[in-house]
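Close look at the chain arrangement
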Amino acid sequence: MELKQNMLLQFSDGKIIRIIFCDRLSSIIYVVDMDALRWPYVMKMEVLYSLSDKGEIDLMDEDIFFRVIAEEELSDAESKRRDTAWEIVNHVLDKVENEKQLLASKYRERAIKDTLESYKVNYTTVKNYLIRYWKGGKTRNALLPNFHLSGAKGKEKNVGEKKRGRPRKSGSKQGVNIDGKIKKYFKIGLNRYYYNERQNSLKATYELILKDFFTEEKMDHEGRTVPVIMDPTRIPTYHQFLYWYKQINNPKKELISRKGTRNYFQNYRAIIGDSTQDAGLGPGSLWQIDATPFDIYLVSSSNRNIIVGRPILYLVVDVYSRYIVGMNISFEPFNSYTGVMVALANSMSPKEDYCKQYGISLDKGEWDVACVPQRIFADRGELNGKQIESAIEGLGISILNAPAYRADYKGIIEQAFAQLNIKVKPFADGIVKNGINVVERGDEEYRLKANLTLDEFTRVVIKCVLFHNNHHVLNEYVLDEMMISEEVEKVPSKIWDYGMKNMKGQLRTLPENIIKLHLLPTAIGSINSRGLKYMKMLYASDYTLINNWFQNARIDGSRKVKIWYDPRDLSHIYVINEDGEFHKLTLLEHLTKFKNKGIEEINQIIEYEESLDSKSKENELQAKMKLFDDIEDIVGKGRKKTKAEKDDSLSKTRRLKGIRENQQVERELQRNQMREINDTDQNDYEVPVDSNMLEVQNEDLGMFRMLQKLDWDDED
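So, how was this worked out
Residues numbered from 1 in each chain as written. Predicted model: local features only at pLDDT ≥ 70, side-chain atom pairs only at ≥ 80, totals over all residues. Heavy atoms only, no water. Helix = DSSP H or I, 4+ residues; strand = E, 2+ residues; numbered from the N terminus. Buried < 20%, exposed > 50% of the residue type's maximum accessible area, 1.4 Å probe, protein only. Areas by Shrake-Rupley, 256 points an atom, 1.4 Å probe, with all protein chains shown as cover. Salt bridge = Lys/Arg side-chain N within 4 Å of Asp/Glu carboxyl O. Phe/Tyr/Trp six-rings, centres within 6.5 Å; stacked < 30°, edge-to-face > 60°. Lys NZ or Arg CZ within 6 Å of the ring centre and 35° of its normal. Arc of directions from axis to C-beta. Polar contact = N/O pair within 3.5 Å; in protein donor to acceptor, adjacent residues only side chain to side chain. Contact = heavy atoms within 4.5 Å. Pairing = 2+ DSSP bridges. Axes fitted to C-alpha atoms, helices over the stretch in contact; angles between N-to-C directions. Left-handed = near helix turned anticlockwise from the far one by under 90°. Nonpolar A, V, L, I, M, F, W, Y, C, P; charged D, E, K, R; others polar. Parallel < 35°, antiparallel > 145°, perpendicular 65-115°, else oblique.

Quick look at the overall build of the protein chain
- A count of helices and strands for the protein chain gives 24 helices and 20 strands.
- Burial analysis of the protein chain (716 residues in total) assigns 41% to the buried set.
- As displayed, the protein chain offers around 42100 Å² of accessible surface, 49% of which is attributable to carbon and sulfur atoms.

A word on the pattern of salt bridges
- In the structure shown here, the tally under the stated rule is 22 salt bridges.
- Of the charged contacts, one joins Arg82 and Asp83 as a salt bridge, the two residues approaching to 3.1 Å between their closest N and O atoms.
- Take Arg82: its relative accessible area is 1%, and that puts it in the buried class.
- For the salt bridge of Glu445 with Arg447, the shortest nitrogen-to-oxygen distance reads 2.9 Å.
- Here Glu445 falls in the partly exposed class, since its relative accessible area comes to 22%.
- Residue Arg447 is classed as partly exposed on the basis of its relative accessible area of 32%.
- A cluster of three or more residues bridged by salt bridges with shared partners is formed by Glu71, Arg82, Asp83 and Arg140.

Examining unusual backbone geometry
- The backbone of Lys138 sits at a positive phi, close to 60°, despite the residue not being glycine.
- By secondary structure assignment, the location of Lys138 is in the loop between helix 5 (123-135) and helix 6 (180-194).
- With a relative accessible area of 4%, Lys138 lands in the buried category.
- Located in the positive-phi region is Met535, a residue other than glycine, with phi close to 55°.
- Relative to the assigned elements, Met535 resides in the loop between strand 16 (531-534) and strand 17 (537-540).
- Among the residues examined, Met535 registers a relative accessible area of 26% and is labelled partly exposed.

Regarding the packing of aromatic side chains
- Applying the stated rule across the entire model yields 20 aromatic pairs.
- The interplanar angle of 75° and the centroid separation of 5.3 Å between the aromatic rings of Phe186 and Phe241 together place this pair among those described as edge-to-face. Taken together, the positions of Phe186 in helix 6 and Phe241 in helix 8 (residues 238-248) put the pair 55 residues apart, joining distant regions of the chain.
- Pairwise contacts between aromatic rings join Phe186, Tyr206, Tyr238 and Phe241 into one cluster.
- Its end group placed over the ring of Phe11, Lys15 keeps NZ or CZ at 5.8 Å from the ring centre.

A closer look at helix 9 (residues 251-259)
- All buried positions along helix 9 are accounted for by Glu254, Leu255 and Arg258. All buried residues of helix 9 fall inside an arc of 95° around its axis, so they share one side.
- Taking the backbone nitrogen of Lys252 as reference, a side-chain oxygen 3.0 Å away marks Asn250 as the first, capping residue of helix 9.

A word on the environment of Gly525
- Summarising the element assignment, Gly525 is placed in strand 15 (residues 522-528).
- It is 7.9 Å that separates the C-alpha atoms of Gly525 and Met535, two residues lying 10 residues apart in sequence.
- Every residue in contact with Gly525, bar those within four places of it in the chain, is listed here: Leu532, Lys533, Arg559, Lys560, Val561 and Ile563.

Quick notes on the sheet that holds strand 16
- Around the barrel, six strands lie side by side as 15-16-17-20-19-18; this closed barrel has antiparallel pairing. Pairwise comparison of adjacent strand axes, ignoring direction, gives a mean angle of 45° for this sheet.
- For strand 18 (residues 559-565) and strand 19 (residues 572-576), the ladder comprises two bridges, and the chain directions are antiparallel. Within the sheet, the bridge partner assigned to Trp564 lies in strand 19 and is Tyr574.
- Together, strand 18, strand 19 and strand 20 (582-587) form the strand contacts of helix 18 (residues 512-519), whose direction differs from that of strand 20 by roughly 75°.

Examining helix 8
- Buried residues of helix 8: Gln240, Phe241, Trp244 and Tyr245, and no others. Considered in projection along helix 8, the buried side chains sweep an arc of 140° and stay on one side of the axis. In helix 8, those exposed residues whose orientation departs by more than 90 degrees from the buried face are His239 and Lys246.
- Residues of helix 8 that are buried sit in contact with helix 6, helix 7 (202-213) and helix 9.

What about the pairing of strand 8 (residues 286-293)?
- The element strand 8 is largely enclosed, with a buried count of six among its eight residues.
- Two elements, strand 8 and strand 13 (residues 375-378), share three bridges in a ladder whose sense is parallel. What sits directly across from Trp287, in strand 13, is Ile376.
- Where strand 8 lies against strand 11 (residues 312-318), seven bridges are found, and the strand directions are antiparallel. What sits directly across from Asp290, in strand 11, is Leu315.

Here's the deal with the sheet that holds strand 14 (residues 398-401)
- Read from one edge to the other, the open sheet built from five strands follows the order 12-11-8-13-14, with strand pairing classed as mixed. One side of each edge strand has no neighbouring strand; the edge strands of this open sheet are strand 12 (324-330) and strand 14. If you compare each strand with its neighbour and ignore which way they point, the axes differ by 20° on average.
- Lying over the sheet, helix 14 (residues 411-424) contacts strand 8 and strand 11, oriented at roughly 125° with respect to strand 11.

Thoughts on the packing of helix 14 against helix 15 (residues 454-470)
- Put simply, helix 14 and helix 15 touch, their axes get as near as 10 Å, and they point 115° apart. Crossing hand, helix 14 versus helix 15: right-handed. Contacts between helix 14 and helix 15 involve Leu420, Lys423 and Val424 from the first element and Phe457, Val460, Val461, Cys464, Val465 and Phe467 from the second.
- Of the residues assigned to the contact of helix 14 with helix 15, the class counts are eight nonpolar, no polar and one charged.

Concerning the side chain of Ser493
- On the secondary structure map, Ser493 appears in helix 17 (residues 492-502).
- Discounting residues that sit within four places of it in the chain, Ser493 has contacts with Tyr323, Asn469 and Asn470.

Points about the packing of helix 2 (residues 76-94) against helix 4 (residues 105-119)
- Closest axis-to-axis distance for the helix 2/helix 4 pair is 9 Å, and the angle between their directions is 135°. Taken as axis vectors, helix 2 and helix 4 run oblique relative to one another. Judged by the twist between their axes, the crossing of helix 2 over helix 4 is right-handed. Packed against helix 2, whose contacting residues are Glu87, Ile88, His91 and Val92, the element helix 4 presents Ala111, Asp114, Thr115, Ser118 and Tyr119 at the interface.
- Each residue belonging to the contact of helix 2 with helix 4 can be placed in one class, and the counts come to four nonpolar, three polar and two charged.

In structure tokens:
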């Protein structure tokens, strides 16, 4: 087991600790107790390994302490308190040279003292912020207040003597608390008066419940027994009944019992488809990200006759080792939010599934990088925006922006782009000559030679990235004395492995769902009876079916929902479900034409289908005009002939009399006409046949004609 920052370890007695700092040189690890409000303390790496070997401590597979929530779902109070706490924590961190000093009480107390004077808060507040920051994986949302735990949402309150809820506006009569007995009356009344074919209203059902269970028998002045409603303080209100109806009602039962099983299944059921010295701490300390239009033209995957232009290549490179940790290729606009976020998500996630999508299987350790960096260095274009900065800060990453028009500040990643171009250009077609998108007079139009789709080009680039990481020799890389003595090869993967063993760099891990939540682009989908719809695609999952998402949408109407998606492959999308989980939905089977396709390909397919539909509709409209003209011509001729032959002396009654008999006469006329046509055809064409066969045919023909003469409308 390799110990990494942010790992959760659980002892056999149930105690849980989180690793917040690893000093590989001294084998000292700082941990924080997840169940106690105390400062981090020291543990020896050897002790943890020993406990692990004995089975007394295990690595937790799931991080249950990360809160999954979208930024727009936070209240103003939650955001304000979190941001204030985040500012105070950063102030404390700025007062020490590095985070390790903050774990020593001498430096920590000095930094906290300065913070108390600057922000006018007490010592306990700062301590709580720091401990929550460490417990929450050093992310900004770790400092969110726990408002969601207040009020026991969703839990039924105990019934006491004091009336719950807001006071009534009229009078001093406070009403009654709803206990188990009254809830039982509600259920009996609903089953008796509401869940049946009479389709009584809820108001009528409530009144009938009062009649059955909340009246008393009294004598009137004439000596008759009459039901009298109880005192208002002893009966539930209609609003109370309505509240509990919504809690206990089963929509499926309601529809079947009130409108019938057939009506339910017909109308309401769910329908289911200079950077190196800055990175001196080692791997993962500093990454560079950049984007560039690649010097090649591609063709459409739906129609290779269509040239779709130059793709945008995004790369993420570890500065210390020159290791390409992530990439993204798309037709998104240059320096777009989506392209950058997908590249970062790729760099922080395992690469096996990504490569399998393009038919590439990875060997063990061939591209084994999935961690969260401490800092990211970018142009002002890539990570310059409130939405992007909020997403990055949510993962606890610092952003460094280079000055405008200064690509030389990121020479490492610029060189990576150059190396990829050098490897691809000699073999591919549709290449931009000398990087200049201009065709000189007399030159052949290179764009017409394009023959690779986006998927094929991505497969080529992945192969180049694997070569770069595992075999490319960095001639200009400067080895230090220790690396020379260790005979470290100037290959990115070798430098990465050396840094992991000997440098102070910290590899942080975060749950993949948290990374996707912050980095994947978002959109708005709609839940209807056919599934969760985004663009022209439909998605579903076991969870959505079990929880009746689509059935409820057919009953109550569709609703909007925020989704997260990977634009490289829309076979799956993600939502935050009712349980607060980052939940995956899968494309329905009957929409396989969109499976394993990126958003650019899907848009091309949709546009192509729409163009075909448009052409077909034009043909349909033209044919329909001719149809209307033909119908008018036939009707007009029939109208003229009927008018010329019409006998005005016949009364309406006489004309309407005997329609059935007239139909029989007309039918016989049609039969005689058909016989004459058949006889004429037989006389015109003589086919030589075998005499025996002719006798059989004559017998069959005679029988057929005899059957024709029968009047099948005659009951006898």
